[in-house]
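Observations on the three-dimensional arrangement
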Amino acid sequence: MIKAQFISIVNQLKNHSASLEQSNLLINKVWTIVDEDNEIQRLIFKKDKGLILSKNGQAVIGKWDYFPEARSILIDRGNSDKILCSEAYIDNGVLILRLDGTENKFFVLANEDVIPDLDVNNYLNNVRQQKLHLAFRELSNGKILEIKDGLGYMSDGSLGQKVTIDSGKVEDGKYPSKDNKLIYEITNSTLISLRTIKTYYNPENVEIIIYQKDPYSILKGDIVLIGSRIANSQTINFSKRKKLVICDGKVERFENKNIILKRIYKFFGI
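Now for a look at the structure at hand. (Residues numbered from 1 in each chain as written. Predicted model: local features only at pLDDT ≥ 70, side-chain atom pairs only at ≥ 80, totals over all residues. Heavy atoms only, no water.)

**Focus on the overall build of the chain**
Scanning the chain for helices and strands turns up three helices and 20 strands. Contacts in the chain between residues at least 24 apart in sequence constitute 33% of all its contacts with a sequence separation of at least 6. Carbon and sulfur atoms form 49% of the exposed surface of the chain, whose accessible area is close to 15900 Å². (Helix = DSSP H or I, 4+ residues; strand = E, 2+ residues; numbered from the N terminus. Contact = heavy atoms within 4.5 Å. Areas by Shrake-Rupley, 256 points an atom, 1.4 Å probe, with all protein chains shown as cover.)

Structure follows, in structure tokens:
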């Protein structure tokens, strides 16, 4: 996980963090950290403020202390190395501590009983999904669109919701889903439009692609592509019974080919 993405995740979860004042979260558990050498270190915080550190089977005895007024923990790693860290995000599975006086220097410890595979990234994404009520959708570029207060399925109820991609801000634009069946239109990191991509073939076997606001119906204002290009203003043969009137690349209306029925519909305002 890149540093900017990690900082974003920590900021998003800070209001959902527990505190080390709840000492039962910390003591007598095996906390694991993968250091800069990609080696595993284990820390056990004891109730008497003792600290056991283990790396490659070599154990060191240290100390720890917590300062509730600063929400900070002092860790004495037993070799004259003392660090003061503030709480960034705390729960039963992870301790994310920020080195005091820095903005982006973190220590991430995983509870092996909760995260046996030590996959903290996956764990944090699951936490975010639950705590922030996110709906995750994979995009065609392989990235993940995250919709805040998502409904778990895509509908107009998701419009207007804030979104992120891989935990970060989203540039304005249109983003196709992995299966290329949906288009998410995003402005100011907000989902403003959701369209279903439907493909039709008229009697002449011309491919007509319509970006539909309603997945089940073609409505006025839906975007029309012919030959993978935005359609010109025209009236085209759509089916055996209907013609499609297109204005500036969008659906204007359908016209019935049956003149008698067309006059009847017009008379009754249908």
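**Digging into the sheet that holds strand β8 (residues 106-111)**
Read around the closed barrel, the eight strands follow the order β1-β2-β3-β4-β5-β6-β7-β8; overall the barrel is antiparallel. Averaged over neighbouring strand pairs, the angle between their axes works out to 35 degrees when direction is ignored. When strand β5 (residues 72-76) meets strand β6 (residues 82-90), the two strands line up antiparallel, connected through five bridges. By the bridge assignment, Ser72 is partnered in β6 with Ser86. Packed onto the sheet, helix α2 (residues 120-131) meets β6, β7 (94-99) and β8 and runs at close to 100 degrees relative to β7. (Pairing = 2+ DSSP bridges. Axes fitted to C-alpha atoms, helices over the stretch in contact; angles between N-to-C directions.)

**Quick word on the environment of Ile27**
Secondary-structure assignment places Ile27 in the loop between α1 (3-13) and β1 (31-34). Classification of Ile27 as buried rests on a relative accessible area of 15%. For the pair formed by Ile27 and Lys47, sequence separation is 20 residues and the distance between their alpha carbons is 5.9 Å. Setting aside anything within four residues of it in sequence, one finds Ile27 in contact with Phe45, Lys46, Lys47 and Trp64. (Buried < 20%, exposed > 50% of the residue type's maximum accessible area, 1.4 Å probe, protein only.)

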